[in-house]
Amino acid sequence: MKRFLAAVAIAAPMFTSAAIAQETVKIGYIDPLSGGGASVGEGGLKTFQYLADELNAKGGILGKKVEIVPLDNKTNPQESLIQAQKAIDSGVRYVTQGNGSSVAGALSDFLTKYNERNPGKEVLYFNYAAVDPILTNDKCSFWHFRWDANSDIKMEALTNYMKDVPAIKKVYLINQDYSFGQSVRTQARAMLAKKRPDIQIVGDELHPLLKISDFAPYIAKIKASGADTVVTGNWGQDIALLLKAAADAGLKVSWYTYYAGGAGGPTAIKQAGLDHQVFQITEGFANVAHKPSQEFEKAFRAKVDLSLWYPRAVNEMRMFAAAAEKAKSLDPVKVAYALEDMKFEVLDGGEGIMRKDDHQFFQPIYISSFGDIPAGQFDEEKTGWGWKQVAKVDTAQTMLPTTCKMDRP
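Predicted model only: the values in this text are computed from it and were never measured.

1. Details of the environment of Phe-300
Logical step 1: Topologically, Phe-300 is positioned in helix α10 (residues 291–304).
Logical step 2: For Phe-300, a relative accessible area of 0% translates into the label buried.
Logical step 3: For the pair Phe-300 and Lys-46, spaced 254 residues apart in sequence, the C-alpha separation works out to 10.0 Å.
Logical step 4: With residues near it in sequence (within four places) discarded, Phe-300 still touches Thr-47, Tyr-50, Asp-305, Leu-306, Ser-307 and Leu-308.

Structure representation (structure tokens):
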């Protein structure tokens, strides 16, 4: 009898924990919450927590409460795998990550192998921001879905715009030295050479990821090169500090970027006085002329005290809920099949589609410039300046071919 009661005492917390797990949809958020990427990681965490609250206010997903589980990976692939295993051990069946394609590649490989070894316990990976094209090409996986446009899609759109700007004559490339940054420089060179062979590439720099505290020496090189334009895929502190160094040095060139709108970027642009000389390509921005997204932006800022950096995170979470409803299940395999070829009205307006062939999401994308804006529009970081649309690319025009050959369960 004593042994029986002891067994019950041990089992009771386990049954209670299991019951709680069944009532909760846990999403492991694996991103930097310390180190050089912490500013964007914290912003992303607040975004996903806001979106979980939004879903929960509507009854959750299939009646179950959504919980975001923060897991600090320090932007390190090895640490990310430790955190992924920790998430799995705690009952997580869905993980999301965005900062760092090296992390994304490691997570995709890890979860693909894990799922092969553990049928019935599969885990899905929702990628909201890691844009190395290889993730939906040669290294595609059934278990990986990406909601951001990949780097090639973004560069195709940027260079299509740049080719019609006659003032661009000398371009300097500066990027982070890992798979994504290398992809940006390679495609920028190739696409500019094809579309504007008269443009000179006067510099091509790679630097360590999230390790540079002072970009003054790099800015000095850009100045000395005579460049009139800089192209960069830098993100996190690497774009904020790069722009700050440009402001300090009085560098007056045009910038074509992926992530100038991240933490600290807008403040540095205003300090540099680069009124509508810094461009960014995104799937949306605060001043898109679309009432529902502007209402969302207003509510988000009021609660979180941040700009919405990740409209794609909104699309991801809402599509997850829609796929579960469609599948009538929270089983990751069934949700994955429901997501394939799903069409969805995106936050900033227009239809997006999750391509079945490679699990790349396609949506309208925008080029915007940062500077003086009309009264009443959304500014950034209390600078009084904000983003203004200069070009839009419709969904159909963003679709590049894929080399993905996907194995499906």
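2. Here's the deal with the UniProt feature "domain: Leucine-binding protein" (unreviewed entry) in the protein
Logical step 1: This chain's UniProt record puts "domain: Leucine-binding protein" (unreviewed entry) on residues 24–368.
Logical step 2: Between the C-alpha atoms that bound residues 24–368 there is a distance of 39 Å. The span itself is 43% helix and 20% strand.

3. Notes on unusual backbone geometry
Logical step 1: Positive phi is not limited to glycine here, since Thr-75 has a value of about 55°.
Logical step 2: Its location among the elements puts Thr-75 in the loop between β2 (65–72) and α3 (77–89).
Logical step 3: The buried category is assigned to Thr-75, whose relative accessible area is 13%.
Logical step 4: Positive phi outside glycine occurs at Lys-382, with the angle close to 60°.
Logical step 5: Here Lys-382 is to be found in the loop between β14 (365–372) and β15 (385–393).

4. Concerning the side chain of Asp-238
Logical step 1: Here Asp-238 lies in helix α8 (residues 237–249).
Logical step 2: Not counting the four nearest positions on each side in its chain, Asp-238 is found in contact with Gln-176, His-207, Pro-208, Leu-209, Leu-210, Lys-211, Ile-212 and Phe-215.

5. Looking at α10
Logical step 1: The first and last C-alpha atoms of α10 sit 20 Å apart over 14 residues, in line with the 20 Å expected at 1.5 Å per residue.
Logical step 2: Listed in full, the buried residues belonging to α10 are Ser-293, Phe-296, Glu-297, Phe-300, Arg-301 and Val-304. Down the axis of α10, the sector holding all buried residues measures 130°, keeping them to one side. Residues of α10 that are exposed and point more than 90 degrees away from the buried face comprise Lys-291, Lys-298, Ala-302 and Lys-303.
Logical step 3: If you follow the buried residues of α10, they end up packed against α2 (38–57) and α11 (311–327).
Logical step 4: Asp-305, located one to two residues past α10, shows a positive phi value of around 60°.

Reading guide: rules and limits
Residues numbered from 1 in each chain as written. Predicted model: local features only at pLDDT ≥ 70, side-chain atom pairs only at ≥ 80, totals over all residues. Heavy atoms only, no water. Helix = DSSP H or I, 4+ residues; strand = E, 2+ residues; numbered from the N terminus. Buried < 20%, exposed > 50% of the residue type's maximum accessible area, 1.4 Å probe, protein only. Contact = heavy atoms within 4.5 Å. UniProt positions renumbered as here; feature names shortened; annotations may be inferred. Expected span 1.5 Å × (residues − 1). Arc of directions from axis to C-beta.

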